[in-house]
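# Breakdown of the fold
Given next are the chains, with one letter for each unit.
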Amino acid sequence: MPGGVVGLLMLLALAGCVTASTIDASAPPPGGVVALRVEGCVDRTHTQGRDLGAEATKAFIEALGKSQSLRVDPAAPYTLTCDVSGFAEGSALKRWLLPGWGATVGEVAVMVTDTRSGVTVLIARGSATVGSGGLYTIGADSYILPTAVKDVVGKIEAWAGGKPQAVVR
């Protein structure tokens with residue numbers, strides 16, 4: 001398929017995707033670019049036939065690699081741990097027949113800990129859902145976790161930049 005057609009199909013697929021995320025920060029950001037050590041994500045869903053933990057870990061490393069305010073560093077003073085807390089493969093056919101039926105869902109939860117003090121500095125949760133759409137949403141299960149991860153990384157970037165989206169207690 002020509003690149004333009006593939007891009008249009010991805011745009012249509014993402015148009016049906018809804019994300020939601022929350023962040024709860026217990027400490028202000030350290031300032032500057034925040035280095036994070038990424039630990040392997042854990043699949044709490046125990047989904048058969050897929051390694052969702054590895055998929056989410058890869059998505060976090062890729063999303064953090066594209067960030068201007070965050071970076072991956074194995075010797076970082078902050079550790080990012082994550083859980084895949086929800087996943088439903090869904091069905092494009094069911095979504096086409098009855099919107100809301102056959103939804104594809106991906107949910108991740110992240111904890112960032114200061115490794116020097118052991119204090120959890122923030123907890124963020126992200127969810128992405130494709131709840132409607134037809135054939136153009138085929139394969140939503142392949143991009144749903146990276147979409148939820150990208151949303152969470154955006155919240156962590158807001159925290160790192162001291163922006164008001166991060167709720168600091």
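Remember, predicted model here, so these are calculated numbers, not experimental data.

### Quick word on the overall build of the chain
Check the secondary structure of the chain and you find four helices and eight strands. Taken from N to C terminus, the helices and strands of the chain fall in the order α-β-β-β-α-β-β-α-β-β-α-β. Here the chain, with 169 residues, has 41% of them falling under the buried criterion.

### As for the packing of aromatic side chains
All told, the structure shown has one aromatic pair when counted by the stated rule. Arranged with centres 6.5 Å apart and planes meeting at 85°, the rings of Y78 and W159 form a pair that is edge-to-face. A residue pair is termed long-range when its members are at least 10 positions apart, and Y78 in strand β5 (residues 78-88) and W159 in helix α4 (residues 140-160) qualify at 81 residues. Its relative accessible area of 1% is what places W159 among the buried residues. Positioned above the aromatic ring of Y78 is the side chain of R116, whose terminal nitrogen or guanidinium carbon lies 5.5 Å from the ring centre.

### Some thoughts on a nonpolar patch on the surface
A contiguous nonpolar patch, built from L93, W96, L97, L98 and W101 and spanning about 610 Å² of accessible area, is present on the exposed surface. Here L93 lies in helix α3 (residues 92-97).

### Some remarks on helix α2 (residues 52-65)
Its 14 residues give α2 an end-to-end C-alpha distance of 20 Å, which sits within 8% of 20 Å, the value for a rise of 1.5 Å per residue. Every buried residue of α2 is listed here: L52, G53, A56, T57, A59, F60, A63 and L64. Down the axis of α2, the smallest arc covering the buried residues is 165°, so these residues share one side. Away from the buried face of α2 by more than 90 degrees, exposed residues K58 and G65 are located.

### Examining the state of the cysteines
Each disulfide is one covalent bond, formed between the sulfur atoms of two cysteines. Counting across every chain of the model gives one disulfide. Two residues share a disulfide in this structure: C41 and C82, whose sulfurs sit 1.8 Å from each other. With the S-S bond torsion at 125°, the cross-link from C41 to C82 turns out right-handed. Here the residue C41 occupies a position in the loop between β2 (34-38) and β3 (42-43), and C82 occupies one in strand β5, the gap between them amounting to 41 residues.

### A look at the confidence of the model for the chain
Looking at the chain as a whole, its pLDDT mean stands at 87, while 88% of the residues score no less than 70. Note that pLDDT drops below 50 for residues 3-15; the model gives that stretch nine contacts with residues more than four away or on any other chain.

### Quick word on the packing of α2 against α4
At a minimum axis distance of 9 Å, the contact between α2 and α4 shows a crossing angle of 45°. If you check the angle between α2 and α4, you find them oblique. Both α2 and α4 take part in a crossing whose hand is right-handed. Only L145, P146, V149, V152 and V153 of α4 make contact with α2, whose side of the interface consists of L52, E55, A56, A59, F60, A63 and L64.

### Things to note about the side chain of T137
Among the secondary structure elements, T137 is positioned in the loop between β7 (120-130) and α4. Here the side chain of T137 touches R95 through a polar contact of 3.0 Å, side chain to side chain. In contact with T137, other than residues within four places in its own chain, are A92, R95, V130 and S132.

### Concerning the nonpolar core
Grouped together as the largest cluster of nonpolar side chains are 39 residues, with contacts concentrated most on F60, L80 and W159. Those elements that provide at least two residues to this core are β1 (17-25), β2, α2, β5, β6 (104-114), β7 and α4. A per-element tally of this core places α4 first, with eleven residues.

Scoring rules and cut-offs
Residues numbered from 1 in each chain as written. Predicted model: local features only at pLDDT ≥ 70, side-chain atom pairs only at ≥ 80, totals over all residues. Heavy atoms only, no water. Helix = DSSP H or I, 4+ residues; strand = E, 2+ residues; numbered from the N terminus. Buried < 20%, exposed > 50% of the residue type's maximum accessible area, 1.4 Å probe, protein only. Phe/Tyr/Trp six-rings, centres within 6.5 Å; stacked < 30°, edge-to-face > 60°. Lys NZ or Arg CZ within 6 Å of the ring centre and 35° of its normal. Patch = residues over 30% accessible without salt bridge, like charges linked within 9 Å, V, L, I, M, F, W, Y side chains within 5 Å. Areas by Shrake-Rupley, 256 points an atom, 1.4 Å probe, with all protein chains shown as cover. Salt bridge = Lys/Arg side-chain N within 4 Å of Asp/Glu carboxyl O. Expected span 1.5 Å × (residues − 1). Arc of directions from axis to C-beta. Disulfide = S-S within 2.5 Å. pLDDT = per-residue confidence, 0-100. Contact = heavy atoms within 4.5 Å. Axes fitted to C-alpha atoms, helices over the stretch in contact; angles between N-to-C directions. Parallel < 35°, antiparallel > 145°, perpendicular 65-115°, else oblique. Left-handed = near helix turned anticlockwise from the far one by under 90°. Polar contact = N/O pair within 3.5 Å; in protein donor to acceptor, adjacent residues only side chain to side chain. Core = buried A, V, L, I, M, F, W, Y, C linked by side-chain atoms within 4.5 Å.

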